[in-house]
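# Summary of structural features
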Amino acid sequence: MPTPSVPGIEAHARTATRLHPLAGTPTSADSHVGGPMRWPADEPWPYCADPLPDGSLGQALLGTAQFYCRDFPMLPFPAGRDLLQVFWCPAVYDGRHHHGYEPIALRLFWRDSTTLNGPDLDQPEPVLVDEEAVPDHACALRPCQVTEYPHSYDAELLGFEPGDDWPELAAGSKIGGWMPWWQSGPTTFPCRDCGTDSVLMLSLHTEEANDGCSCETDETTVGWQFGRDGALNILVCPNDVEHRPTPWID
């Protein structure tokens with residue numbers, strides 16, 4: 001993306017890594033969305049912490065995505081870890097997720113892949129499913145880096161008066177960059193464990209687009225939907241990424 005002709009905007013440029021998902025057949029040795037997870041031999045599949053309406057803990061978390069450090073070194077991997085796995089709970093009843101104030105129950109696993117010598121596990125059958133939160137197919141990822149500028153909502157807080165020449169954030173799943181506000185607006189997200197303002201780590205979008213990206217690559221929507229064609233934004237604590245993450249659908 002060329003630098004916009006807005007005085008002072010260069011100071012607010014951020015690098016984002018677009019994921020460019022494409023339907024395929026990734027393995028557990030690959031970074032992917034919706035594919036098989038690499039797994040420890042002695043660890044059971046994770047389940048939702050909240051009980052189902054009948055009191056049972058019968059809802060398996062959905063293994064949604066995994067990212068290897070070799071493919072995504074810009075992720076904030078803790079020392080000695082080289083694999084990030086993203087899980088969430090797709091269970092609903094009466095049309096709502098049953099996780100209090102959270103729009104989706106989310107867990108992140110930061111792992112050392114060299115210790116994962118177990119077989120690939122099949123995703124346990126879910127009990128109650130919000131189909132909109134489940135990928136339609138597995139996707140390989142073809143990352144590229146782009147330069148982003150603040151959303152027009154953030155620009156106003158930074159003292160700009162965004163007009164027609166203000167660069168808009170493109171729709172598309174990404175790591176880092178600026179928050180893609182849509183139905184909400186700028187706010188802060190205190191870490192749920194220490195109160196430090198959380199930062200955007202990963203943004204998974206309903207729709208994918210090449211807007212704002214110079215690479216020419218085919219891509220496919222994953223098949224999930226967040227809100228009204230919005231995005232699931234995953235924010236983490238800058239002091240410790242193993243603090244509980246904050247999900248925000250917008």
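Computed from a predicted model, the values in this text were never measured in an experiment. (Residues numbered from 1 in each chain as written. Predicted model: local features only at pLDDT ≥ 70, side-chain atom pairs only at ≥ 80, totals over all residues. Heavy atoms only, no water.)

## A short note on the overall build of the protein
- Of the regular secondary structure elements, the protein holds 1 helix and 14 strands.
- Counting across all 250 residues of the protein, residues that qualify as buried make up 49%.
- Carbon and sulfur atoms form 48% of the exposed surface of the protein, whose accessible area is close to 11,900 Å². (Helix = DSSP H or I, 4+ residues; strand = E, 2+ residues; numbered from the N terminus. Buried < 20%, exposed > 50% of the residue type's maximum accessible area, 1.4 Å probe, protein only. Areas by Shrake-Rupley, 256 points an atom, 1.4 Å probe, with all protein chains shown as cover.)

## With respect to the sheet that holds strand β10 (residues 144-148)
- One open sheet holds the 6 strands; their spatial order is β10-β1-β11-β12-β13-β14, and the pairing between them is antiparallel. At either margin of the open sheet sits one strand with a lone partner, and together these are β10 and β14 (246-249). Adjacent strand axes in the sheet meet at a mean angle of 25 degrees, parallel and antiparallel pairs treated alike.
- Alignment of strand β11 (residues 174-176) against strand β12 (residues 199-205), held across 2 bridges, turns out to be antiparallel. Looking at β12, one finds that lysine 174 is bridged to serine 203. (Pairing = 2+ DSSP bridges. Axes fitted to C-alpha atoms, helices over the stretch in contact; angles between N-to-C directions.)

## Some thoughts on the confidence of the model for the protein
- Taken residue by residue, the protein gives an average pLDDT of 84. The fraction at 70 or more is 84%.
- The lowest-confidence element of the protein is strand β7 (residues 96-97), averaging 44 in pLDDT; the highest-confidence one is β11, averaging 97.
- Confidence drops under a pLDDT of 50 for residues 93-103, and excluding neighbours within four residues, the segment shows 25 contacts in the predicted structure. (pLDDT = per-residue confidence, 0-100. Contact = heavy atoms within 4.5 Å.)

## Quick notes on the pairing of strand β4 (residues 62-68)
- Counting buried residues along β4, 7 of its 7 residues qualify, which places the element largely inside the surrounding structure.
- The pairing of strand β3 (residues 32-33) with β4 spans 2 bridges and is classified as antiparallel. Directly across from histidine 32, in β4, lies its bridge partner glutamine 66.
- Two strands pair when backbone bridges link them, and β4 and strand β5 (residues 83-89) are joined in this way by 6 bridges, in the antiparallel orientation. Across the sheet, tyrosine 68 pairs through a bridge with leucine 83, a residue of β5.

## Re the side chain of histidine 32
- Here histidine 32 lies in strand β3.
- The buried category is assigned to histidine 32, whose relative accessible area is 0%.
- Looking at histidine 32, its side chain comes within polar contact range of the main-chain nitrogen of glycine 35, at 3.0 Å.
- A distance of 2.7 Å separates a polar atom in the side chain of histidine 32 from the backbone oxygen of proline 36. (Polar contact = N/O pair within 3.5 Å; in protein donor to acceptor, adjacent residues only side chain to side chain.)

## A word on the nonpolar core
- Phe67, Leu84, Val86, Trp88, Met201 and Leu202 are the most contacted members of the largest nonpolar core, which totals 29 residues.
- Sorting the residues of this core by element identifies β4, β5, β8 (105-111), β9 (139-141), β12 and β13 (231-236) as the ones contributing at least two each.
- Apart from the residues within four sequence positions on either side, leucine 84 is in contact with Ala65, Gln66, Phe67, Leu75, Phe77, Leu108, Phe109, Trp110 and Met201.
- Ala60, Leu61, Phe87 and Phe109 belong to the second-largest nonpolar core, a separate cluster that totals 10 residues. (Core = buried A, V, L, I, M, F, W, Y, C linked by side-chain atoms within 4.5 Å.)

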